[in-house]
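Survey of secondary and tertiary structure
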Amino acid sequence: MRQVKNLKTPVLIAVAAIVIIVAAALLVMQPGGAPAPSPSPTSPPGGGAPAPSPSPTSPPGSELRGALTGGGATFLAPQMFAWSKKFHDVTEGKIQVNYQSIGSGAGTAQFLEKKLDFGASDVPMPRDRYSQVAGKFVQFPVIIGSIVLVYNVPEIAFEKTGKYLNLTSEVISLIYMGEIKQWCDQRIKALNPGLADKLPCKDIVAVHRSDGSGTTAAFTLYLSLAYQPWNQTVGWGFTVKWPADEKAKGQGAKGNEGVAQAVLQTSYSIGYVEFAYWAKNKDKYDKEGGVAYIRNDNDGKYYFPTTENVAMGAVAGLQRYARKYGVLPAPDGDWNPVSIEFANPPRGYPILSFTYVFLWKDYSAEGYGDAATKVALLKQFFRWVLTEGQKRENVVEGYIPLPREVAELGLKALELVKP
Amino acid sequence: MLGLLLAVLLIPYLVAAYGLLFVKLRWGLRLFGVFIMLTIGLLMVMFFVEAYPIIVRDGVAVFFQADWDPVRESYGVLQALVGTVLTSAMAIVLAMPMAVGAAVTINEILPARWREVFGSLVDLTATMPTVIFGLWGLFVLGPFLQDLVNRLAGGVVMTSPYTLFTGSVLLAIMITPYAAAVIREGYALVPKPVEEAIYAVGATRFEAVLIKLRYIRNYILGGFFLALGRAMGETVAVAMVVGGNFARLTTNLFDSGITISSLIALQFPNAAAYQYMVPALFTAALLLALFGLVINATAIYIIQRWQI
């Protein structure tokens, strides 16, 4: 008891000291939070001039070193990690690019909150957000993915029949709308005369993503554009309400790997996955079913998802945009119309997904610290990504490099970025 | 924000700790209690504030409708609540016998020197990362259950390996060690004189087990509610196997569905792209928190009644 009493005063003092320190820290921190943005308001009044003031600190190109942090689309992650590693080697370890695979929506949001140096998303900047920051940022595609339809129908497995299914946007839509319920439906048979007598009368399990994803966005955008009724009843986005869930046998799965696995495990199912997830498991799918040829409704031909066919689609989409609007897409413009022209292109494999990168036009005006170095690093990295990074040896299997015409857009965008 | 958190968390903690150590133990404990209640209250307030936009727009309807259509910004969380209730109930029904069985086996049947080993092994299962359970569910348990159920039913009952039932079974396996740990501890604490008395009146080993289980019913109940809490809150593993079908209400266990926590885990990453999805997800969180409170209040009520 006496010991406790002896302790009482010192501990009381200690606790009081801690409380005072914490209170003091709070007081210091609150003004401390404000000064961080305050230098930025001081620089914009200088107009175009502020650039010289921070620049003396950063020497030119070759001596550049530092780290960048970006984040967003999970789809881009494996490719971005590969680029980052390669670029790290190329620059002899001077430049480190970190990528956080947090999802397109979160990547966009955190980029707009200036928590990331660059953002990446499977869809262009959404319209409502675009209007808030129009003219202040640039966006450009860095890589292409394509979405394939894989199916599990043992009766018509590629291994047994040597044939893959033919599908059209209409039939895919009707399956996911719950209108086509069985594999032996006339509308599927009509597209596949060679397999017509083998298609079983079993219920179709339509597998879709259960998490919000850019893959779903690209897939549903394609259906919306290619088949009007889909646009009216379902629409497109990271997550949609699948009518097949209610009317037929819909089934959700988490992530591309989840859908890929669910299709392999579930007989009589169909699902959409990024090209890479099919390419890695091609043999397994061939045993249970396969991957579908998709008809491009614009030229009426069936296309197999190969790198050439997907690249053909991307170039054709860009040409269509240029014809329609008379100019190539502006890097600081609204890319939603561009993504619409890329979807369901006039030629080539029709289901494409682009991953876009967002950069600010003026980093010091946005309140980033050490903007000069940051911009130099960003420019160097993305210039490399859009040129060397698109070479076959630097592209991860399953991704499709940008055709030269599309990569040019990104290089033009980089010219607009300044410290 | 950080300052606010510090002020809310650290200072009351220090004050309570000081009171506990040097002023009066009882008061210090009470302060801690008040402080914890305050934290929970603040958390609920935060959920409500975040969910406010959609509650203003839709009223309470958001709690009682089953819909998830981001394209039309129409949300409801009833289906997720029903999924949570179904999977948790099924999981607890499957897990409790396993947990009691494991506890009794370890304490009664195994030779004394093996008890420690098996006890630790069961505890170890509880510490396994849930994503491992999820992967196992995805690749092994789901296809196995589909096969088993369809064979037993003699028809196609489970069209897919990933259903509410798969989620329930996986949950049952995951929560068993939690309940078992609590029950095992209780079982080991049965006083020697009581045990001797049980055998003295000529009880068989089986009867002795029954009497001892009755003696430690509070521990069993404790394990029950701990496991139930885990089952309701489990996220990753369930999200991987539950089928992720969140647009419509289902009460069929062999159908794919969704739970509140897996809905939040699946939809949160891209929720910021929509105007009302984040509020809708916080509504779901609020609902889960309220539901958890109700469950725990029931638990406390039952335990108190049993003790009289």
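Here the residue numbers are simple positions, counted from 1 along each chain's written sequence. Each chain is given a letter, starting from A, and each ligand a number, starting from 1, according to the order in which they appear as written. Only residues with pLDDT of 70 or above have their local features reported here, since the model is predicted, and side-chain atom pairs are shown and tallied only from 80 upward, although totals for entire chains, interfaces and linings are computed over all residues.

This paragraph deals with the confidence of the model for chain A. Each residue gets a pLDDT score, which is the predictor's confidence in that residue and runs from 0 to 100. Averaged over every residue, the pLDDT of chain A is 84; residues scoring 70 or more account for 88%. The contact rule is simple: place each C-beta atom from the backbone, and if two of them lie within 7 Å, those residues are in contact. This model gives residues 31–61 of chain A a pLDDT under 50, and the stretch forms 23 contacts once residues within four places in sequence are excluded.

Moving on, we come to the packing of helix α6 (residues 130–153) of chain B against helix α7 (residues 164–188) of chain B. All names here are of chain B. The convention used is that axes are lines fitted to C-alpha atoms, helices contributing only their stretch in contact, and that angles between N-to-C directions extend from 0 to 180 degrees. In DSSP terms, a helix is any run of H or I states spanning at least four residues, a strand is any run of E spanning at least two, and both are numbered starting from the N terminus. Running from amino to carboxyl end, α6 crosses α7 at an angle of 130°, the nearest separation of the two axes being 10 Å. Put simply, α6 runs oblique to α7. α6 and α7 meet at a crossing whose hand is right-handed. Residues Thr130, Phe133, Gly137, Leu141, Gly142 and Leu145 of α6 pack against Phe165, Thr166, Val169, Leu170 and Met174 of α7. Side-chain classes are defined by residue name, with Ala, Val, Leu, Ile, Met, Phe, Trp, Tyr, Cys and Pro counting as nonpolar, Asp, Glu, Lys and Arg as charged, and the others, Gly among them, as polar. Split by residue class, the contact of α6 with α7 holds 7 nonpolar, 4 polar and no charged. What sets the label is the angle itself: under 35 degrees gives roughly parallel, over 145 gives roughly antiparallel, 65 to 115 gives roughly perpendicular, and the rest give oblique. By definition, any crossing whose near helix is turned counterclockwise from its far helix by less than a right angle is left-handed, and any crossing with a clockwise turn is right-handed.

Residue and element names in this part refer to chain A. Each residue is classed by its C-beta neighbour count within 10 Å, where at least 20 other C-beta atoms makes it buried, 12 or fewer makes it exposed, and intermediate counts make it partly exposed; the C-beta atoms are placed from backbone geometry. Alternating positions in strand β3 (residues 118–121) separate into two faces, Phe118 and Ala120 on one and Gly119 and Ser121 on the other, with burial throughout. Strand pairing is assigned whenever DSSP identifies at least 2 bridges connecting the two strands. Where strand β1 (residues 66–72) meets β3, 3 bridges bridge the pair, whose relative direction is parallel. Looking at β3, one finds that Gly70 is bridged to Phe118.

Now for the packing of helix α4 (residues 78–109) of chain B against helix α5 (residues 112–126) of chain B. Any two packed helices are characterised by how steeply their axes cross, that is the angle between the axes, and by the distance between the axes. Residue and element names in this part refer to chain B. Running from N to C, α4 and α5 point in directions that differ by 160°, and their axes come no closer than 9 Å. Between α4 and α5, the interaxial angle falls into the category roughly antiparallel. Viewed along their axes, α4 and α5 form a crossing whose handedness is left-handed. When α4 is examined against α5, the residues Ala102, Ile106 and Asn107 are found in contact with a partner set consisting of Arg115, Phe118, Gly119 and Val122. The residue makeup of the contact of α4 with α5, split by class, is 4 nonpolar, 2 polar and 1 charged.

As a measure of interface size, the accessible area lost when the parts come together is often cited. Taken together, the 45 residues of chain A in the interface contact 35 residues of chain B. Only α1 (2–33), α4 (104–112), α11 (243–247), β7 (249–253) and α12 (255–265) of chain A provide two or more residues apiece to the side of chain A that touches chain B. Per element, the largest residue contribution to the side of chain A that touches chain B is 10 residues, and it comes from α1(A). Of the residues assigned to the side of chain A that touches chain B, the class counts are 19 nonpolar, 18 polar and 8 charged.

On to the domain arrangement of chain B. All names here are of chain B. Each domain span listed reflects an automatic or database assignment of domains. For chain B, the assigned domains are domain 1 (2–58) and domain 2 (72–305). For domain 1 and domain 2, the distance between their C-alpha centres works out to 29 Å. Each side of the interface is counted separately: domain 1 has 10 residues, and domain 2 has 10 residues.

Attention shifts here to the environment of B:Thr298. Residues and elements named next belong to chain B. Within the fold, Thr298 resides in helix α13 (residues 277–307). Taking the C-beta count within 10 Å as the criterion, Thr298 has 11 such neighbours and is therefore assigned exposed. In this structure the C-alpha to C-alpha distance between Thr298 and Asp255, which are 43 residues apart in sequence, comes to 30 Å.

In this section: the confidence of the model for chain B. For chain B, per-residue confidence averages 88 on the pLDDT scale, and residues scoring 70 or more make up 98% of the total. What the predictor reports for the complex is a pTM of 0.81 with an ipTM of 0.82.

Before going further, it helps to examine the sheet that holds strand β10 (residues 293–295) of chain A. All names here are of chain A. Spatially, 3 strands are ordered β5-β10-β11 in an open sheet, and the strand pairing comes out mixed. Where the open sheet ends on each side, the last strands, each with one partner, are β5 (166–167) and β11 (302–303). As paired strands, β5 and β10 are joined by 2 bridges and run parallel to one another. If you follow Asn166 over to β10, its bridge partner there is Tyr293.

Looking now at the pairing of β7(A). Most of β7(A) sits out of view: 5 of its 5 residues are buried. In β7(A), alternate side chains face the same way, and those of A:Lys249, A:Gln251 and A:Ala253 on one face and A:Gly250 and A:Gly252 on the other are all buried.

What follows is about helix α9 (residues 214–226) of chain A. Helix span, expected: 1.5 Å multiplied by one less than the number of residues in the helix. Taking 1.5 Å of rise per residue, 13 residues should cover 18 Å, and α9(A) covers 18 Å from first to last C-alpha, within 8% of that figure. Every buried residue belonging to α9(A) is among A:Gly214, A:Thr215, A:Thr216, A:Ala217, A:Ala218, A:Phe219, A:Thr220, A:Leu221, A:Tyr222, A:Leu223, A:Ser224 and A:Ala226, and all of these are buried.

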